[in-house]
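Examination of the molecular architecture
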Amino acid sequence: MNTMKTTDTAVSPTHMKVDALLAKMSLEEKIGQLAQISGAEFMPGPPAEETVRKMGAGSMLWLNNTQRFNELQKVAIEESPSGIPILFALDVIHGYRTIFPVPLALASSWDPNVAEQAQAIAAKEARAAGIHWTFGPMIDIARDARWGRIVEGAGEDPYLGSAMAAAQVRGFQGDDLADPEHVLACAKHFAGYGAADGGRDYDPVFLSEAQLRNVYLPPFQAAVDAGVATFMSAYMDLNNVPATSNRWLLRDVLREEWGFDGFIVSDAFGVGNLVIQGHARDGQEAALRALKAGLNMDMASSTYLGNLANLVQDGSLTVDEIDEMVRPILTLKFQMGLFENPYVDETLLDQVVARPEHRQAARLAAQRSMVLLRNEGNLLPLAKTLTNVAVIGPLADSMQATEGSWMVFGHQPAAVTVLQGVRAKLADGAVSYAPGPDINRDFPHPFGEFNLSERKPLQSPEDAEAAFHMAVATAQAADLVIMVMGENADMAGEFASRGSLNLPGRQEELLKAVHAMGKPVVLVLLNGRPLSISWAAANIPAILEAWEPGSEGGNAVADILFGDANPGGKLPVCFPRHGSHAPLYYARTLTHQPEHSPMYRSRYWDSPTTPLYPFGFGLSYTTFAIPDLQL
Ligand code: GLC
């Protein structure tokens, strides 16, 4: 069922309002509705008020300030030519103020209700802040763990991915777009982004129609069937044609075949980028190609703003073609009730965020998303009577790594860390801590100023060495050691692909040094992608994959380590033994020579090609017996 479907004969009251509004709008105003302008202070260009006052704006993004939303909305309503409200949009990917586990973790619960509830709470908080539209769910299938954005999706499988896509759309949008506790969802990035060559973010994608139809498109169709209001076209070239101006994707498949009648926004600067990608000589041709392909809204590049009027004047485009793109944008604004209620109560957010059920839901979702990978000798669950436990590792007390990648612009991390969660379970003084050496990207994250990486000064080699020895000494003095390792929040997500899947920095070296002491060691992983932890998998008795678990992550990890919650998560993506094995996934066609047959055993002669941990893997504390099974 698509929210926007109207019967062919009867024109709905909303559509009559839209037509009446269109009839009185100037061409310039119509073009204004096709523009999503940046609200970010750091962006060059005229102040937002100027554009809004002159021609209105379809939408604004990268602003996260409730008071400012109202100020700009007032300009749109009272000073722009037709008083059309602005749609304020932001990336609320896994929580606004209460942070939920990253989507790859939510998928590990294999429970769409967990994902739906998480996004419903995210929507309540985001809407209370004045945000109308989130750029989520991200539903790109990913089978290459080197690709950093694997963290934002639901893994390798189209069936699970489709279920999680539909659940998140329901969570964000609810079943009535006029409900003021919901936001518009946005199925992204259409399509095939997760198959970037070499797992390198933004690199070209080459997929056969069979791969598209069987693997990469189904979650997007599931989102349409769930009534998703908007789509976002992907950055990259799909089979040599940028998704931004890919008529086959945006018109033939999405609208003609699937009946989608919401609207499509480009990814950031996507329309202007067509020139850089060599698909348009200049902005004018870029705007023409994108609009002809069916792209409604230009995110932040101002290419539509700067060129569409000329294209209409020179006859390349007709006003009808402009109207066709504007119509669904106005329709959604009417359906959301924005004309009647354009402003937000600036006292609402704190009340909504304070609801206890939000943090409770975040803790439960984190428990449900964690995957127990190893538990030799039933080392877990641990006793709460332990009196001398060391918590070691660079992520043990990192709020950033606990909340994870793709945080809302301007959000200050406030997670309960694993160290705090473990301390809360044991008697005072029972827990010691040492971080060991820092871990950092070799190439800093370009979005660093959005506190996507913990902006600590780089550690000197001497300090790193001292930290290493301090961690060893701390572990030495303890009866049991909990190692908290993995990736920083800026090591997964956008612009965070990597060539290897090993534990970054000296983490494995530290792990081996602690293991050599011969005492019980538990490894807790905080990471946004599968990791090649072959040595740990063979030597560390207990391993818990906690992903990036959100605001209550530390409590949820401790709940599982100490048996207050039973781990039940299952992997939504396989863990390759080496990054070079990617892409790796379970649903492969058969071959004439079944893999691992007695004769061959492996497709590579230098390593097994089986995953370290397969898709669907996950242990629990529960033992199962099926007595007297009769055939
Ligand atoms: C980014 C991402 C996209 C995001 C958009 C707006 O570059 O590719 O997922 O929604 O820009 O922030």
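Structure: see above.
Structural notes on the site of the ligand
The environment of the ligand is formed by Trp62, Asp91, Phe135, Arg149, Lys188, His189, Met232, Tyr235, Asp267, Ala268, Met299 and Glu494. Within the side chain of Glu494, an N or O atom sits 3.0 Å from an oxygen atom of the ligand. Here the ligand loses 97% of its free accessible area of 310 Å² to cover by the protein chains.

What about empty space enclosed by the protein?
Under the definition given, this model contains two cavities of 30 Å³ or more. If you trace the largest cavity, you find it lined by Met138, Ile139, Asp140, Ile141, Gly153, Ala154, Gly155, Gly161, Met164, Gln168 and Pro219. Take the lining of the largest cavity: its biggest share by element is three residues, from helix H7 (residues 158-173). Classifying every residue of the lining of the largest cavity gives six nonpolar, four polar and one charged. There is about 40 Å³ of room inside the second largest cavity.

Re the pattern of salt bridges
If you walk through the whole model with that rule in mind, you get 31 salt bridges. Lys30 serves as the salt-bridge partner of Asp323, at 3.0 Å between the closest nitrogen and oxygen. Here Asp323 is found in helix H14 (residues 319-335), whereas its partner Lys30 is found in helix H2 (residues 27-33), with 293 residues between them in sequence. Like Asp323, the residue Lys30 is buried in the burial classification. A salt bridge links Glu509 to Arg506; the nearest nitrogen and oxygen atoms lie 2.9 Å apart. Residue Glu509 is classed as partly exposed on the basis of its relative accessible area, which comes to 40%. The class of Arg506 is partly exposed, set by a relative accessible area of 26%.

A word on the packing of aromatic side chains
Here the structure, examined in full by the defined rule, presents 19 aromatic pairs. Centre to centre, the rings of Trp62 and Phe269 are 5.7 Å apart; their planes meet at 45°, and the pair counts as tilted. Of this pair, Trp62 sits in the loop between strand E2 (59-61) and helix H4 (66-79) while Phe269 sits in the loop between strand E9 (263-265) and helix H11 (270-276), placing them 207 residues apart in sequence. A residue is classified by how much of its surface remains accessible, and Trp62, at 13% relative accessible area, is buried. Note on Phe269: relative accessible area 29%, which makes it partly exposed.

As for the sheet that holds strand E16 (residues 542-545)
Remark on secondary structure: sheet strands pair via backbone hydrogen bonds, oriented parallel or antiparallel. The six strands are arranged E11-E16-E15-E14-E12-E13 in an open sheet whose pairing can be described as mixed. Looking at which strands have only one partner, the edges of the open sheet turn out to be strand E11 (371-375) and strand E13 (431-434). Recorded for the sheet is a direction-independent mean angle of 15° between the axes of neighbouring strands. Sheet strands touched by helix H20 (residues 507-515): strand E12 (389-392), strand E14 (480-486) and strand E15 (521-526). Its angle to E14, the strand with the most contacts, is close to 170°.

So, H4
If you check H4, its first and last C-alpha atoms are 20 Å apart, about what 14 residues at 1.5 Å a residue would give, namely 20 Å. Turning to H4, its buried residues number three or more, namely Thr66, Arg68, Phe69, Asn70, Leu72, Gln73, Val75 and Ala76. With a side-chain oxygen positioned 3.1 Å from the backbone nitrogen of Gln67, the residue opening H4 is Asn65.

Focus: the nonpolar core
Counting 156 residues, the largest nonpolar core has Trp133, Phe190, Phe231, Leu308, Met483 and Ile533 as its most contacted members. The element best represented in this core is H14, accounting for seven residues. In contact with Met483, other than residues within four places in its own chain, are Ile392, Leu510, Leu511, Val514, Val521, Val522, Leu523 and Val524.

Regarding the sheet that holds E2
Taking strand neighbours across the sheet as the criterion, the five strands line up as E4-E3-E2-E1-E10 in an open arrangement whose pairing is parallel. Of all the strands in the sheet, the pair left with one neighbour each is strand E4 (133-134) and strand E10 (298-299). Pairing of strand E3 (residues 87-90) with E4, which is carried by two bridges, proceeds in the parallel orientation. Residue Ala89 lies in a different strand from E4, and its bridge partner there is Trp133.

Concerning the packing of helix H3 (residues 48-55) against H4
Running from amino to carboxyl end, H3 crosses H4 at an angle of 25°, the nearest separation of the two axes being 8 Å. The angle between the axes of H3 and H4 places the two elements in the roughly parallel class. The handedness of the crossing between H3 and H4 comes out as right-handed. Within the contact between the two elements, H3 uses Ala48, Glu49, Val52 and Arg53 and H4 uses Arg68, Leu72, Val75, Ala76 and Glu79. Split by residue class, the contact of H3 with H4 holds five nonpolar, no polar and four charged.

Calculation criteria
- Residues numbered from 1 in each chain as written.
- Predicted model: local features only at pLDDT ≥ 70, side-chain atom pairs only at ≥ 80, totals over all residues.
- Heavy atoms only, no water.
- Near = heavy atom within 4 Å.
- Polar contact = N/O pair within 3.5 Å; in protein donor to acceptor, adjacent residues only side chain to side chain.
- Areas by Shrake-Rupley, 256 points an atom, 1.4 Å probe, with all protein chains shown as cover.
- 1 Å grid on protein atoms, 1.4 Å probe; cavity = no way out; pocket = protein on both sides within 12 Å on 5 of 7 lines; lining within 4 Å.
- Points joined across faces, edges and corners; volume = space filled by probe spheres on them.
- Helix = DSSP H or I, 4+ residues; strand = E, 2+ residues; numbered from the N terminus.
- Nonpolar A, V, L, I, M, F, W, Y, C, P; charged D, E, K, R; others polar.
- Salt bridge = Lys/Arg side-chain N within 4 Å of Asp/Glu carboxyl O.
- Buried < 20%, exposed > 50% of the residue type's maximum accessible area, 1.4 Å probe, protein only.
- Phe/Tyr/Trp six-rings, centres within 6.5 Å; stacked < 30°, edge-to-face > 60°.
- Pairing = 2+ DSSP bridges.
- Axes fitted to C-alpha atoms, helices over the stretch in contact; angles between N-to-C directions.
- Contact = heavy atoms within 4.5 Å.
- Expected span 1.5 Å × (residues − 1).
- Core = buried A, V, L, I, M, F, W, Y, C linked by side-chain atoms within 4.5 Å.
- Parallel < 35°, antiparallel > 145°, perpendicular 65-115°, else oblique.
- Left-handed = near helix turned anticlockwise from the far one by under 90°.

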